Amino acid sequence: MNMTDTEYIYGQLGISGVVRAYGRKTEEGLRERFRQFDDTAEYNQLKVLHAMQENRVSESCFNYVSGYGYNDLGRDTLEAVYASTFHTEAALVRPQITCGTHALALALSANLRPGDELLSPAGKPYDTLEEVIGIRPSRGSLAEYKVTYRQVELTKDGLFDYPAIERALNKKTRLVTIQRSKGYQTRPSYSVEQIGELIAFIKKRRPDVICMVDNCYGEFVERMEPGDVGADMTVGSLIKNPGGGLAPIGGYIAGKRELIENCACRLTAPGLGREVGASLGVMQSFYQGFFLAPAVVCGALKGAVFAAGIYEGLGFPVIPDSRESRHDIIQAVTLGSPEGVIAFCRGIQAAAPVDSYVSPEPWAMPGYDSDVIMAAGAFVQGSSVELSADGPIRPPYAVYFQGGLTWNHAKLGILKSLQSLVDAGVVSDDEIRRVL
Ligand SMILES: *Cc1c(COP(=O)(O)O)cnc(C)c1O
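Report on the accompanying structure. Numbering of residues starts from 1 in each chain and follows the order in which that chain's sequence is written. It should be noted that, the model being predicted, local features are given only for residues of pLDDT at least 70 and side-chain atom pairs only at 80 or more, the latter also being counted only at that level, while totals for whole chains, interfaces and linings use all residues. Side-chain numbers here rest on the full set of heavy atoms in the structure, without hydrogens or water.

For the rest of this paragraph, the subject is the overall build of the protein. Where helices and strands are cited, they refer to DSSP runs of H or I of at least four residues and of E of at least two residues respectively, numbered from the N terminus. The helix and strand tally for the protein stands at 13 helices and 12 strands. Relative to the compact-globule value of 22 Å for 436 residues, the protein shows a C-alpha radius of gyration of 22 Å, a close match. Reported as C-alpha extents along the three principal axes, the dimensions of the protein are approximately 65 × 50 × 40 Å. Here the term buried applies to any residue with accessible area under 20% of the maximum for its type, exposed to any over 50%, and partly exposed to those in between, with areas from a 1.4 Å probe on protein chains only. Counting all 436 residues of the protein, 57% fall into the buried class. Only the protein chains shown count as cover for residues, and all accessible areas are computed by the Shrake-Rupley method using a 1.4 Å probe. Total accessible area on the protein is roughly 18,200 Å²; 53% of this is exposed by carbon and sulfur atoms. Think of it this way: Lys and Arg go in the positive column, Asp and Glu in the negative one, and His and the chain ends go nowhere. Note on charges: their place is set at NZ of Lys, CZ of Arg, CG of Asp or CD of Glu. Looking at the protein, you have 43 positive and 51 negative side-chain charges, and the mean spots of the two groups are 4 Å apart. This radius of gyration counts C-alpha atoms alone. The globule rule is 2.2 Å times how many residues there are, raised to the power 0.38.

See the structure below:
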């Protein structure tokens, strides 16, 4: 074999011929899906490009601004680019918004007042929001500020329980929070269209209620975003999809001008609002990451369906399966044993460009009720648009896999995860040969 052969370098990276052959066969069966992802990426790339041209992005937008940050052209223009892309009146996009949880907490605390009620019509929100809301008592929670909370459980099929939502809406209800991605739950993720139906249902009964969508992991997966279907605020993290892997920090809130002004006053100070907040040299990475994001998300989606295809073919339960429509970049694979979860994550880690030589171990992470193992060899700490996986060490022993800045890297990561399962004796070469 020649050293410029792809087979040769897969061998150097520790992938056996059997695993490689199974990967080739799986990929072959996904051609049509990949083509659809490419079509969506083409549309979204043009949407972002159009927004950048329309808002006259220029080289001076990348200048370093320090201090108060008055008239920070790069920051103000980027916010206009986000608003154009998401078809909203305004946006707040800042390195001072430290992460997705912070962006969500900001959107909530800026637009809720004592005596108001927050409603989650789609069941339990993301883990970190429990302390923001005060579902788990916590310092500084909305509950401490006399904001009450109500939650409507999903139907057993994971769909919205409309009659129960109707009953839960009351005269105190001020804001409704809808999470697009399943996060670490086993419910389905929602399409933008489904979210639109829910918003229309709520607005028909209570036009004054603010509808907020937690858009984490959802950006650029579809052609529409929540703002296109009536969301008043759309919220997300820049170390996930819209940062394109280049943003080193940040969060965004896009939506109605009034609500975004409230967020700005809460982020900085009443009277200062969005006028302050220097961008400190991160602007080029914010623009360039946003520009690349549609292509990065496309690669991550290919990785997600490839992982689904590889593992469903070997009989492991996967959510979603390789044929279902996608509404976020997360792929869940149930491996059924602690050894499986650990081997999978070690394979992902071994495929990383950074820290590939370390071997992750399960540990007692704050906020979780069991040990958790995480694989991440990322350029940006904790960035989960980069190839990453994590799994709680408890039944049903599922891992959540996401990201990959390029499809080729995501593919290697998944092959490496399978190789690691083979090396650990969880899957045998014979089992793979049987499905070849
Ligand atoms: C990641 C995530 C968050 C929180 O974002 P962080 O940046 O980790 O704070 C909130 N909601 C959902 C659905 C997420 O996936």
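Attention now moves to the nonpolar core. Buried Ala, Val, Leu, Ile, Met, Phe, Trp, Tyr and Cys residues that are joined via side-chain atoms within 4.5 Å together make up what is termed a nonpolar core. In terms of nonpolar packing, the biggest core is built from 76 residues, with Tyr-82, Tyr-311, Leu-418 and Ile-432 touching the most fellow members. In this structure, Leu-418 is in contact with Val-19, Tyr-22, Ile-310, Tyr-311, Leu-314, Val-427 and Ile-432, ignoring residues within four places of it in sequence. Any two residues having at least one pair of non-hydrogen atoms within 4.5 Å are treated as being in contact.

Turning next to the sheet that holds strand S1 (residues 90-94). Two modes of strand pairing occur in sheets, parallel and antiparallel, and in both the strands are linked by backbone hydrogen bonds. Pairing is mixed across the open sheet formed by 7 strands, whose spatial order is S1-S7-S6-S5-S4-S2-S3. The sheet terminates laterally at S1 and strand S3 (148-151), the two strands that pair on one side only. On average, adjacent strands in this sheet sit at an angle of 20° to one another, irrespective of strand direction. Paired strands, in this sense, are two strands between which DSSP finds at least two bridges. Sheet topology places S1 next to strand S7 (residues 251-255); 5 bridges connect them, and they run antiparallel. Directly across from Ala-90, in S7, lies its bridge partner Gly-255. Only C-alpha atoms enter the line fits that serve as axes; for helices the fit covers just the stretch in contact. Angles between N-to-C directions range over 0 to 180 degrees.

Looking now at the site of the ligand. Note on definitions. A residue lies near a molecule or strand when any single heavy atom of the residue is within 4 Å of it. Near the ligand, the surroundings consist of Cys-99, Gly-100, Thr-101, Leu-104, Tyr-126, Gln-179, Asp-214, Cys-216, Tyr-217, Ser-237 and Lys-240. N or O atoms closer than or at 3.5 Å make up a polar contact, with two conditions inside protein: a donor-capable atom paired with an acceptor-capable one, and, for residues adjacent in sequence, both atoms drawn from side chains. Separating an oxygen atom of the ligand from a backbone N or O atom of Gly-100 is a distance of 2.8 Å. Points on a 1 Å grid over protein atoms alone make up a cavity when a 1.4 Å probe fits among them but cannot get out, and a pocket when they form an open set with protein on both sides within 12 Å along at least five of seven lines; lining residues each have an atom within 4 Å of a point. For a molecule to be placed in a cavity or pocket, more than half of its atoms must lie within 2 Å of the grid points of that cavity or pocket. The cavity that encloses the ligand is the largest pocket. At 3 residues, helix H5 (residues 100-111) tops the list of elements feeding residues into the shell around the ligand.

Here we come to the sheet that holds strand S8 (residues 318-319). Here we have 5 strands laid out as an open sheet, ordered S8-S9-S12-S11-S10, and antiparallel in their pairing. Two strands close off the open sheet at either side, each with one partner strand: S8 and strand S10 (372-376). Bridge count for S10 against strand S11 (residues 388-392) is 5 bridges, and the pairing is antiparallel. Along S11, the bridge assignment pairs Ala-375 with Ala-389. Relative to strand S9 (residues 330-334), helix H10 (residues 283-313) is tilted by about 15°, and along the sheet it contacts S8, S9 and strand S12 (398-402).

One fewer than the residue count of a helix, multiplied by 1.5 Å, yields its expected span. Taking 1.5 Å per residue as the helical rise, helix H2 (residues 17-28) with its 12 residues ought to reach 16 Å, and the 16 Å between its terminal C-alpha atoms agrees with that figure. Taken as a whole, H2 has its buried residues at Val-18, Val-19, Arg-20, Tyr-22, Gly-23, Thr-26 and Glu-27. Buried residues along H2 sit against helix H1 (6-12), helix H3 (31-54), H10, helix H12 (407-423) and helix H13 (429-434).

Turning next to unusual backbone geometry. The linkage connecting Ile-319 with the following residue, Pro-320, adopts the cis geometry, with an omega of -10°. Along the chain, Pro-320 falls in the loop between S8 and S9. The omega torsion of the bond from Pro-395 to Pro-396 falls at 5°, within 30 degrees of zero and hence cis. A positive phi is found at Asn-71, a non-glycine position, where the angle reads about 50°.

With that settled, the discussion passes to the pairing of S9. When you tally the buried positions in S9, you get 5 out of 5 residues, the bulk of the element. Burial of S9 is two-sided: the residues Ile-330, Ala-332 and Thr-334 facing one way and the residues Gln-331 and Val-333 facing the other way are all buried. Across 2 bridges, the pairing between S8 and S9 is antiparallel. Among the inter-strand pairings, Ile-319 is bridged to a residue of S9, identified as Ala-332. Across 5 bridges, the pairing between S9 and S12 is antiparallel. Considered in S12, the bridge of Ile-330 is made with Gln-402.

Moving on, we come to the layout of surface pockets. Grid points are joined across faces, edges and corners, and a volume is the space filled by probe spheres set on the points. By volume, the largest pocket amounts to about 940 Å³. Surrounding the largest pocket, 45 residues form its lining, Tyr-126, Tyr-184, Met-374, Gly-382 and Ser-384 being those nearest its centre. Only H5, S10 and S11 provide two or more residues apiece to the lining of the largest pocket. In this classification, the charged set is Asp, Glu, Lys and Arg, the nonpolar set is Ala, Val, Leu, Ile, Met, Phe, Trp, Tyr, Cys and Pro, and all remaining amino acids, among them Gly, are polar. The class makeup of the residues in the lining of the largest pocket is 20 nonpolar, 17 polar and 8 charged.

Treat this as a map of the structure, not an account of what it does.
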